[in-house]
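# A structural walkthrough
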Amino acid sequence: MKLAEELATAVGADHVEPVPELTEPPCYRVTPGSAAEVAEVIHRAGALGAAVHPIGAGGRPSRVDRDPKGERSRVFVSTSRLDQVLQLDEQSLLVHAQAGLTGLDLERILSPRGLSIGDYPPVVLTSSLGGILAVRTPGKSSARHGFFEDAVVGVSAVLADGRTVHTRVAPRRSTGPDLARALCGSEGTIGFITSAVLRIHPKPEARLVAAYLLPSLDAAVSAVLFALREEAAPAGLRIYDAAETARHFDGLALPAQHALLCAATAGPTDLAACDRDLLTSAVNAEGGSVTDNALADLWWRRLHAGEPTPAPTPNVQIMATPSKLRPVYHAVVAEATRLAAEVRIHISRFDADGAVLFISLERDGGAADDTTTAAIERAAEQAGAWLLGARAIKLDAYLRALRDHIDPNRIMNPGTLA
Amino acid sequence: MRVEPAVDVDRLQRELESIFGARRVSLRSVDLDTYARDMWPRLLIAYRDGIAPAHRPHAVVWPEHVREILAVVRVARDLGLPIIPYGGGSGVCGGAVPIYGGITIDTKRMQQVRSVRSDELVCDVEAGLNGERFERELARRGYTFGHFPSSIYCSTVGGWLATRAAGQLSTKYGKVEDRVAGLTVVTGRGEVIETDGPNRALRGPNWTQLILGSEGTLGIITSARLRVSPAPQLRVFRGFEVDDVQSGVEAIRRVLQKGLRPAVVRLYDELDTLMNSLSGEHEEHKLDTRAPTPPIETGALPAMPPAPRPKEEGFVDRLLALAKGKGLRGSAMKAALGNSELVNKLFGTVAEKIARRGCRLIIGLEGARIRTEVEAALTFAELESAGARDKGEDPGWEWLKHRYHVSYRMSPVFRDGAFVDTMEVASSWERLQDLYHSVRTAIGHHALVMAHFSHAYADGCSIYFTFAGHAPDAASASRLYDAIWRDGLEAATRVGATISHHHGVGLLKAPYMVGEHREAMAIFEAAKASLDPHNIFNPGKMGLRGRS
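### A closer look at the overall build of chain B
- Regarding its fold elements, chain B presents 20 helices and 19 strands.
- A buried classification covers 56% of the 548 residues belonging to chain B.
- The long-range fraction of contacts in chain B, counting pairs at least 24 apart against all pairs at least 6 apart in sequence, stands at 74%.

Rendered as structure tokens:
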């Protein structure tokens, strides 16, 4: 009861509710309305030995595996009321936004001013900014702007002892480690991110889309990598294999082994056209050709205008560096064939690290079972892919020591990254 | 002065020689003197006046393998000695000064380019590799790292990473920290760790970004996986003129925010422009020839021309040489350093009048042929629409030709009893004018000051102040020097800028780290406690705790 009272003092009784499924010991969900209230919650919860778990737009704590000290009360802190833009600096193209705002919310605020958060995958932007930053996964990137975390200029966060840190805003600095970016990926274990200063962009003057038919998936990958090497910076890229093309485009049958490439370029008109032409040249060099633009239009509308994408959603996502994209693709297809599973693949989210393969598996007319999925993942890994969500085990001891120092009672998202 | 720990020198020598053999360990006085400092101008003032270094290492070692570094960490821990990582020694903030003695690890024998992956556009390189050799190795294979600091001939890859260095073409290629895919580090726990894979598939905090810029306080970077770019197919350089600093800054901001990425943009303020233009009107000063010239395709290191016999010129003439010109009267310079505040004002006015055409702006683009051509056309059009006047290609190529020279102009000034240093600060565009005026005013109370704007980003820019001062003796010169930095950095902090864009912190800016990071220092301290729990690595630097 003491904890409930303390939390009510911090955020007001209206914003504290018990979690019905977790009563022994009692756990609460609180919804602070400001960074100062977050600090109060953490300070008061910490004083009573309760654990603090951040909750983003998903409404549930992200990846809380288990609390090593399971007998503790837990406080789930939602960022849903931290949904304000604190400052918009149009001269420097910087926005200081609270952590509970989703990327799409922010885009809606920026858009009437002729500004944009940038050409990141819209599905990434459905998360709260705090969530996007706190969890590192591949694919939060744009071939045009780079990795999402590169857009972070500063963060404000609350530490375990209730102190609030604001990293200083400068375009670059040489004053020790990048403490803002160290907080990125720490999943709430080092600090609770309450707001971030992000780089934003003017809305592009032009946006062009194009669709290409290529004689093979390898040729499509080669064309993309070649264009990127020629410094094209597209706003979006997606390669569909023949099976995925049929599913996504109403049974469209590509010639055997062929692949479809959809691309969007953006920026000043001349630059957008230049990037499109670089892609076209690369495609031609690989024996491909321009195909029906309506395919690319549909792809783009699905991404950005909410048109439905054919179900089911991919059940395996893996990441591969540029040189591994092709071998991984073939290894996955070969393994699926061996297992008599149907496999459809598209590749997107190209960046300096590589790209993400989205794999849909079906077997006996239904979703593939876990054994099949695991076999596919194993085959991909053997061909050089990276499964998402692994940890650098060797660094665990260092993270533990870092947390021991900054959060000796282990109240910040315990169980996560542990 | 700190008391250095009592050390059993014989045991130290024995243990180190058991790791390295006798040849790659030194306890000789001449080596200990050499490794007592880097290129921090405050130490150069003392050095010039024959003052012995306050701090020397107990030993210097030259490892060739990571396992030898691991062994040194064990020795240091057993003997209670610190370790000071040392690259090229070109740092300008005292980061390599062994303030508690200890073992200095010179990384320069670890200098392999292990691989260049053309299919991944990454390379694996050892930390001790000299910058110019690195770039030449890459060029031979058709790639570039895109990092060209003016110290490129005397700095190492590890030094760049440890300080978050910037090269002259950073506007396109990014600062060094933007080009890192992973690090291999020997930590204070005596272990080797690798940060990041070649991707972001691994969960957890960004250890790479936590270690970059830590200046040897968390461990020693032994190798890195760096992103490379194809060597440029096309280079375009031009000079422009703008009415004044403000309109020049605005023109640059418009280019960058349009999404264009020139490799280099430099805007010189009135005085810097004047100094630059004077050099153009005279034959090249002899001192310039001391700088190595970028190599032709010989594969050999560039020849260092012999030092010209110094002419019997006074300090003022040499200061003028520093500023590349001979057009000003000596009396003006003397006055400048005697009553800098007045003369900064006077100079500003005179410079504005003489350089009536305004401020000089240099811009260069390079990269893949087609995109560079398109970007160049858009960039020049944007500059002109912002009021900049095209002065043709010559000023641009002229800058490129002399771009490494500045680092070689310092010693004559020091020889003549003056000192010169640079302060590189940065802020968002919104605060940039405030930053320029407040730091210029703060330094101008004490010294002659000029500035240029370089390293531009879509969200802000760095300002590079050059200042020159003079005092009758070393003690008062040091006092003056400290006052300049104190007032300059406090002014930068007041307007919300960062105190360093790319030179680092070391000892020079350590007292200002709390002002820079405030409560966020707790995260840096936690990283220190994690990676170097026994405070072995470069203790007492960057505002972290020293040794008792």
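That shown, we press on.
### Points about the overall build of chain A
- A tally of helices and strands in chain A yields 13 helices and 23 strands.
- Taken over C-alpha atoms, the radius of gyration comes to 23 Å for chain A, in line with the 22 Å a tight globule of 418 residues would show.
- Expressed along its principal axes, the backbone C-alpha trace of chain A runs to roughly 70 × 55 × 40 Å.
- For chain A, buried positions account for 58% of its 418 residues.
- Contacts spanning at least 24 positions in sequence make up 71% of the contacts within chain A whose residues lie at least 6 apart.

### Some thoughts on the domain arrangement of chain A
Residue and element names in this part refer to chain A.
- The domain boundaries assigned to chain A delineate domain 1 (2–78), domain 2 (85–202), domain 3 (206–310) and domain 4 (311–387).
- Placing the centre of domain 1 and that of domain 2 at their C-alpha centroids yields a distance of 24 Å.
- On the domain 2 side, the residues contacting the 14 residues of domain 1 number 19 residues.
- For the side of domain 1 that touches domain 2, the secondary structure elements donating two or more residues are α2 (35–47) and β3 (51–55).
- No other element matches α2, which puts six residues into the side of domain 1 that touches domain 2.
- Grouping the amino acids of the side of domain 1 that touches domain 2 by side-chain chemistry returns eight nonpolar, five polar and one charged.

### Re the interface of chain A and chain B
- Contacts between the two partners involve 66 residues from chain A and, on the opposite side, 70 residues from chain B.
- Looking at the side of chain A that touches chain B, the elements with two or more residues in it are β11 (164–166), α6 (179–183), α9 (269–285), β22 (386–387), β23 (390–391) and α13 (396–406) of chain A.
- With six residues, the top contributor of residues to the side of chain A that touches chain B is α13 of chain A.
- Of the residues assigned to the side of chain A that touches chain B, the class counts are 34 nonpolar, 16 polar and 16 charged.

### Here we look at the sheet that holds strand β19 (residues 460–470) of chain B
Residue and element names in this part refer to chain B.
- Taking strand neighbours across the sheet as the criterion, the seven strands line up as β16-β13-β15-β14-β18-β19-β17 in an open arrangement whose pairing is antiparallel. What marks the edges here is a single partner per strand, and that holds for β16 (389–390) and β17 (418–428).
- Bridge count between strand β14 (residues 264–268) and strand β15 (residues 359–367): four bridges; the pairing is antiparallel. In the strand pairing of β15, V264 is matched with G364.

### A short note on the domain arrangement of chain B
- As far as domains go, chain B holds domain 1 (9–107), domain 2 (113–230) and domain 3 (234–291 + 314–494).
- Contacts between domain 1 of chain B and domain 3 of chain B engage eight residues on the former and eight residues on the latter.

### Details of the environment of T34 of chain B
Residues and elements named next belong to chain B.
- Along the chain, T34 turns up in helix α2 (residues 29–34).
- Residue T34 is classed as partly exposed on the basis of its C-beta count, with 18 C-beta atoms lying within 10 Å.
- When the C-alpha atoms of T34 and T273 are compared, they prove to be 37 Å apart, with 239 residues separating the residues in sequence.

### Comments concerning the environment of I370 of chain B
- Along the chain, I370 of chain B turns up in helix α14 (residues 369–385).
- By the C-beta count within 10 Å, which is 18 here, I370 of chain B ends up partly exposed.
- For the pair I370 of chain B and Q233 of chain B, spaced 137 residues apart in sequence, the C-alpha to C-alpha distance is 9.1 Å.
- Setting aside chain neighbours within four positions, we find I370 of chain B in contact with E230, C274 and L278 of chain A.

### Brief notes about the sheet that holds strand β6 (residues 122–126) of chain B
Residues and elements named next belong to chain B.
- In space, the five strands of this open sheet follow the order β5-β6-β11-β8-β9, with antiparallel pairing throughout. In this open sheet, the two strands that pair with only one neighbour each are β5 (113–117) and β9 (192–195). Sheet twist, expressed as the mean angle between neighbouring strand axes with direction ignored, is 15°.
- Judged from the seven bridges that link them, strand β8 (residues 180–187) and strand β11 (residues 219–227) form a sheet pairing that is antiparallel. Paired with V180 across the two strands is L226, which belongs to β11.
- Helix α4 (residues 66–79) rests against β8, β9 and β11 of the sheet, and its axis sits at about 45° to β8.

### Some details on the packing of α9 of chain A against α14 of chain B
- At a closest axis distance of 10 Å, the pairing of α9 of chain A and α14 of chain B adopts a crossing angle of 175°. Classed by the angle they form, the pair α9 of chain A and α14 of chain B counts as roughly antiparallel. Counted together, D270, L271, C274 and L278 of chain A of α9 of chain A and I370, R371, V374, E375 and L378 of chain B of α14 of chain B form the full contact between these two elements.

### Quick look at the confidence of the model for chain B
All names here are of chain B.
- Residues of chain B with pLDDT of at least 70 account for 83%, and the chain-wide mean is 87.
- Below a pLDDT of 50 lies the segment residues 280–318, which in the model reaches 41 contacts outside its immediate sequence neighbourhood of four places, other chains included.
- Segment residues 324–331 is flagged for pLDDT under 50; beyond a separation of four residues in sequence, or across chains, it makes 19 contacts in the model.
- For this predicted complex, the interface score ipTM comes out at 0.95, alongside a pTM of 0.93.

### Re the pairing of strand β19 (residues 342–351) of chain A
Residue and element names in this part refer to chain A.
- Of all ten residues in β19, nine are buried; the element is thus mostly enclosed.
- Note that strand β15 (residues 236–241) and β19 share three bridges and pair antiparallel. Bridge pairing links Y240 to H346 in β19.
- Here β19 runs beside strand β20 (residues 354–363); their pairing, made up of eight bridges, is antiparallel. Looking at β20, one finds that I347 is bridged to L357.
- Hairpin geometry of β19 and β20 is characterised by an intervening segment of two residues between the two adjacent antiparallel strands.

### Looking at the nonpolar core
- Membership of the largest hydrophobic core comes to 295 residues, with the highest contact counts inside it found for V75, V224, L261, V328 and V332 of chain A together with I523 of chain B.
- With nine residues, helix α7 (residues 217–229) of chain A is the largest single contributor of residues to this core.
- Among all residues touching V328 of chain A, those that are not within four sequence positions of it are I318, A320, L357, A380, A383, G384 and A385 of chain A.

### As for the environment of R302 of chain A
Residue and element names in this part refer to chain A.
- When you line up the elements, R302 lands in helix α10 (residues 293–304).
- On the basis of neighbour counts, which here come to 15 C-beta atoms within 10 Å, the residue R302 falls in the partly exposed class.
- The spatial distance from the C-alpha of R302 to the C-alpha of A379 is 31 Å, given a sequence separation of 77 residues.
- When sequence neighbours within four positions are dropped, the list of residues in contact with R302 reads E307 and T309.

### A closer look at helix α18 (residues 474–494) of chain B
Residue and element names in this part refer to chain B.
- End to end, α18 covers 30 Å across 21 residues, agreeing with the expected 30 Å (1.5 Å per residue, within 8%).
- Those residues of α18 that fall on the buried side of the exposure criterion are A477, Y481, I484, W485, G488, L489, A491 and A492. The buried residues of α18 occupy an angular sector of 155° when the element is viewed end-on, so they sit on one face. More than 90 degrees from the buried face of α18, the exposed residues found are S476 and R479.
- A positive backbone phi angle near 85° is found at G496, which sits one or two residues after α18.

Cut-offs used in this document
Residues numbered from 1 in each chain as written. Chains lettered and ligands numbered in written order. Predicted model: local features only at pLDDT ≥ 70, side-chain atom pairs only at ≥ 80, totals over all residues. Helix = DSSP H or I, 4+ residues; strand = E, 2+ residues; numbered from the N terminus. Buried ≥ 20, exposed ≤ 12 C-beta atoms within 10 Å, placed from the backbone. Contact = placed C-beta atoms within 7 Å. Rg over C-alpha atoms; globule rule 2.2 N^0.38 Å. Domains from an automatic or database assignment. Nonpolar A, V, L, I, M, F, W, Y, C, P; charged D, E, K, R; others polar. Pairing = 2+ DSSP bridges. Axes fitted to C-alpha atoms, helices over the stretch in contact; angles between N-to-C directions. Parallel < 35°, antiparallel > 145°, perpendicular 65-115°, else oblique. pLDDT = per-residue confidence, 0-100. Core = buried A, V, L, I, M, F, W, Y, C linked by C-beta atoms within 7 Å. Expected span 1.5 Å × (residues − 1). Arc of directions from axis to C-beta.

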